[in-house]
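# Remarks on the overall topology
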Amino acid sequence: MTSLTRTFTAGFLAAALFTMLGIPARGADAGGDGLDQRIEELLGRMTLEEKLGQMTLLTSDWDRTGPSIKPNYLEGIRKGTVGAVFNAYTAAYTRKLQKIAVEESRLGIPLLFGYDVIHGHRTIFPIPLGEAASFDLKAIEGSARIAATEAAAEGLHWTFAPMADIARDARWGRIAEGAGEEVYLASEITRSRVRGFQGTDLSRPDTILACAKHFAAYGAAQAGRDYHTVDLSPMTLHQVYLPPFRAALDAGVATFMTAFNELNGIPCTGSGYLLSDLLRQEWGFTGFVVTDCTSINEMVAHGFARDLRHAGELAIEAGVDMDMQGSVFADHGPGLVADGTIEQAGIDEAVRRVLRLKGQLGLFDDPYRYSDPAREKAVVMSPAHLAAARDLAAKSIVLLRNEGSLLPLSDSGPTLAVVGPLADGRRHMIGSWSGAGDFEKCRTVLESIQDRTAGRVKIVHAPGCDIDSEDRSRFAEALAAAAEAEVVVAVMGESYDMSGEAASRSDIGLPGVQLQLLRELHATGKPVVLVLLSGRPLAIPWAATHVPSILEAWFPGTMGGPAIADVLFGDVNPSGKLPVTFPRAVGQVPIFLAVKNTGRPFHPEKPDEKYVSRYLDVPNDPLFPFGHGLSYTTFTYSPPRLSSEQIGPGDSLRVEFDVTNSGDRAGVEVAQLYLRDLVGSVTRPLLELKRFKRFQIEPGQRHTVRFTLDPEDLAFVHPDLTLRAEPGEFRVLVGPGSGRLEGATFRLVAGDVRRGAYQVFELGPLHR
Ligand code: BGC
């Protein structure tokens, strides 16, 4: 661009931009009419290097979320060889970089700014696993909407979220970033998050592109070790790991991110099956596919590519459109095209996909429309956003145990000991992947308890130990605090960076000497409330049988402190339910709801039976099952009533049951419906979640819950990868969690079912 252009105002520049590019102005249309033609005209003027630039995403030097391979992003922006930048935000900084792209690069194509807006941008919500515990789809969509509003005002166009990976191994640190272990819940939540980020109209300046990641099966890493090998049967891949991605696609997700892992021998970034055959051909995805950070380069270490050039070839052939931080496309693309290894047409198609989304965001009309200092000031951490964060944080808290109704606490004293290494740990409140969140803006649990009791209760505090060290020298202080108090609140768990990326653990108990401190606190005879902060299920068998009250608060976000106080003092009656199973011991992992039976099941009524499927040293069942979560009131469930005991192919089944608040305070319950298909031509899990409903219910009141099960709820993936239901007996189970269920049985019948013959009902395309 010339110096003359630099004197234009942003608005005039925007209007002039397309004219200067030889592209007709777009008017009010947001990405539809005329955009494709404009893109073709632009493509016709681009050099190969500029095209590869649109396929290149580089990090700014503001933040580092992985290996840094090519730091000089500024030079690339100027040369038009970088089309997208991540880890750069604020209206001012994105404007500055955009100005370089628009005014100094040859064609002035606007940059796309991406960032990991995972559970909030500035206003941080609970970690995604915590949000999932709310089972509140509306609130989760609202959290993504708020995140998008704040991020967009700071110049961001694109979030690398939601993570749609099912995770059934608590050792894997990234279990914190997803919606847990169950297919139905994770699919619903993924859909809600996509809707929240993208809204209904991408051309609005407060909506951003979402990215379904990590495609695919990243959560099934062997031994829970991050980036590790994944080896899955195609049936399990399609039954368990793909449906949340399909849900993202159905919700209109604009982009997909490849996964670091190999899947059945092929790194996902080089998988033509995943990226082309399945995603584009079968599912009809039209957005663009970005790699995970340097995952093209990593195909060399996987032993799949000979060198970086070969890795680039494999990635392009598989269907990758954008290279995150690897610089492989930029460095090797020209050579690959020159010698005919890669066709120009494939490159053009990838560039079209990227430019189309830039156009749909309205960046060709006004490249600065997202970087808006006034909007940034108005929306970032607004009172409404903070209130929503507090609400969702309180909803995410799970009351795991409450013997003798120790909780809620009285706020009239006299003395409370608030101990444990996380009681005053400000940094930990917002967890990992906390984006542009500022932990300094958080109130800690200790401060929030002090705020809530406002001098009416004497609070004595001592951390007692570190999160993760062997030092017991400060136990005495915490024990002295306990001695002075009527009740002890122990805030314990993991540090914020013990979960998230590259944060797998082989021991998932309380780190360091926290358990020893907890035991000594318990030994004082003072009642103990354990507040857990963690990014994964923790194996806490001793606490689960000795500590009367336990709250799982995850990493609850900017407003997490006040939300914990809301629950501790009963201003909010807890309603969270576990989106993941809590093991008794790491040796049980993976342990999850949808396990199958064996040919030699363990019978609890015959505990000494030999030759059955069991451990010698730990029970088979979990510490806390999926869906578990108590309230300060009690709920009584009736058995389910079915609209019919027998249904035919294509029929729906109506299920209703009553939930009565049998306690003495109002509460919110999440009623859950599970299904078991007793016999199949492929063995079926013991339980699968199929429906849930969250509702408020007054003391003494009865609420009738009604669900409809559709034919696809009865279907499962067969060896030929078709989705079909089979006739036979099904059990419907309802309750407050998978550990306490009431059931009824129905049959799915075919016209003429011969004994032993599997008649099947086609349901059409997979995951529909
Ligand atoms: C992570 C992605 C993330 C990306 C960009 C990678 O290391 O796996 O989830 O979006 O970095 O920060």
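Parameters and conventions
Residues numbered from 1 in each chain as written. Predicted model: local features only at pLDDT ≥ 70, side-chain atom pairs only at ≥ 80, totals over all residues. Heavy atoms only, no water. Helix = DSSP H or I, 4+ residues; strand = E, 2+ residues; numbered from the N terminus. Rg over C-alpha atoms; globule rule 2.2 N^0.38 Å. Buried < 20%, exposed > 50% of the residue type's maximum accessible area, 1.4 Å probe, protein only. Axes fitted to C-alpha atoms, helices over the stretch in contact; angles between N-to-C directions. Parallel < 35°, antiparallel > 145°, perpendicular 65-115°, else oblique. Left-handed = near helix turned anticlockwise from the far one by under 90°. Contact = heavy atoms within 4.5 Å. Pairing = 2+ DSSP bridges. Domains from an automatic or database assignment. Buried area = accessible area lost by both parts, 1.4 Å probe. Salt bridge = Lys/Arg side-chain N within 4 Å of Asp/Glu carboxyl O. Nonpolar A, V, L, I, M, F, W, Y, C, P; charged D, E, K, R; others polar. Near = heavy atom within 4 Å. Polar contact = N/O pair within 3.5 Å; in protein donor to acceptor, adjacent residues only side chain to side chain. Areas by Shrake-Rupley, 256 points an atom, 1.4 Å probe, with all protein chains shown as cover.

On to the overall build of the chain. In terms of helices and strands, the chain carries 23 helices and 28 strands. Computed over C-alpha atoms, the radius of gyration of the chain comes to 27 Å, within 12% of the 27 Å expected from 2.2 N^0.38 for 768 residues, which places it in the range of a compact globule. Expressed as lengths along the three principal axes of its C-alpha atoms, the size of the chain is roughly 75 × 75 × 50 Å. Burial statistics for the chain: of 768 residues in total, 61% are counted as buried.

Two elements in contact, helix H9 (residues 183-198) and helix H11 (residues 243-250), have axes whose closest approach is 8 Å; the angle formed by their N-to-C orientations is 30°. Viewed along their axes, H9 and H11 adopt a mutual orientation that is roughly parallel. The interaxial crossing formed by H9 with H11 has right-handed handedness. In contact with Val-183, Ala-186, Ser-187, Thr-190, Arg-191 and Val-194 of H9, H11 contributes Pro-243, Pro-244, Ala-247, Ala-248 and Asp-250.

Further remarks concern the packing of helix H19 (residues 445-453) against helix H23 (residues 560-568). Across the interface, H19 lies against H23 with an axial gap of 8 Å and an inter-helix angle of 55°. Overall, the two elements H19 and H23 adopt an arrangement that is oblique. Judged by the twist between their axes, the crossing of H19 over H23 is right-handed. Contacts between H19 and H23 involve Val-445, Ser-448, Ile-449 and Arg-452 from the former and Gly-561, Pro-562, Ile-564, Ala-565 and Leu-568 from the latter.

Attention shifts here to the sheet that holds strand E12 (residues 415-419). Taken in spatial order, the 6 strands make up an open sheet running E11-E16-E15-E14-E12-E13, and their pairing is mixed. Since the sheet does not close on itself, it has two edges, and those belong to strand E11 (398-402) and strand E13 (458-462), each with one partner. Neighbour-to-neighbour, the strand axes of the sheet open up by a mean angle of 15°, direction not taken into account. As paired elements, strand E14 (residues 487-493) and strand E15 (residues 528-533) share 6 bridges and run parallel to each other. Bridge assignment links Val-488 to a residue of E15, and that residue is Val-528.

In this section: the domain arrangement of the chain. Here the domain parsing of the chain yields domain 1 (405-588) and domain 2 (635-748). Just the C-alpha atoms count here: the centres of domain 1 and domain 2 sit 35 Å apart. Here domain 1 and domain 2 share an interface that buries about 530 Å² over both sides, 40% of which is from carbon and sulfur atoms. Inspection of the domain 1/domain 2 interface yields 1 salt bridge. In this structure, Lys-577 engages Glu-669 in a salt bridge whose closest nitrogen and oxygen atoms are separated by 2.9 Å. Tallied by class, the residues present in the side of domain 1 that touches domain 2 amount to 2 nonpolar, 3 polar and 1 charged.

So, on to the pattern of salt bridges. Applying the stated criterion across every chain, the model contains 50 salt bridges. Across the pair Asp-321 and Arg-280 runs a salt bridge, and its minimum N-O distance is 2.7 Å. With Asp-321 in the loop between helix H14 (308-318) and strand E10 (323-324) and Arg-280 in helix H12 (residues 272-282), this residue pair connects regions lying 41 residues apart in the sequence. Judged by its relative accessible area of 1%, Asp-321 falls in the buried class. Salt-bridge contacts for Lys-441 lead to Asp-438; the nearest nitrogen and oxygen are separated by 3.4 Å.

Around the ligand, the structure places 14 residues, and the nearest of them are Asp-116, Arg-174, His-214, Asp-292 and Glu-501. Within the side chain of Arg-174, an N or O atom sits 2.7 Å from an oxygen atom of the ligand. For the ligand, whose accessible area on its own is 310 Å², the fraction buried by protein is 99%. Of the residues in the shell around the ligand, the class split is 7 nonpolar, 2 polar and 5 charged.

Attention shifts here to the pairing of strand E27 (residues 740-748). Pairing of strand E19 (residues 646-647) with E27, which is carried by 2 bridges, proceeds in the parallel orientation. For Gln-646, the partnering residue across the bridge sits in E27 and is Arg-747. Relative to E27, strand E26 (residues 728-737) runs antiparallel, the two sharing 8 bridges. Bridge pairing in E27 links Phe-730 to Phe-746. Adjacent in sequence and paired antiparallel, E26 and E27 are bridged by 2 residues.

Here we take up the environment of Gly-425. For Gly-425, the position within the fold is in the loop between E12 and H19. Judged by relative accessible area, Gly-425 falls into the buried class, the value being 10%. In this structure, the C-alpha to C-alpha distance between Gly-425 and Ser-575, residues 150 residues apart in sequence, is 25 Å.

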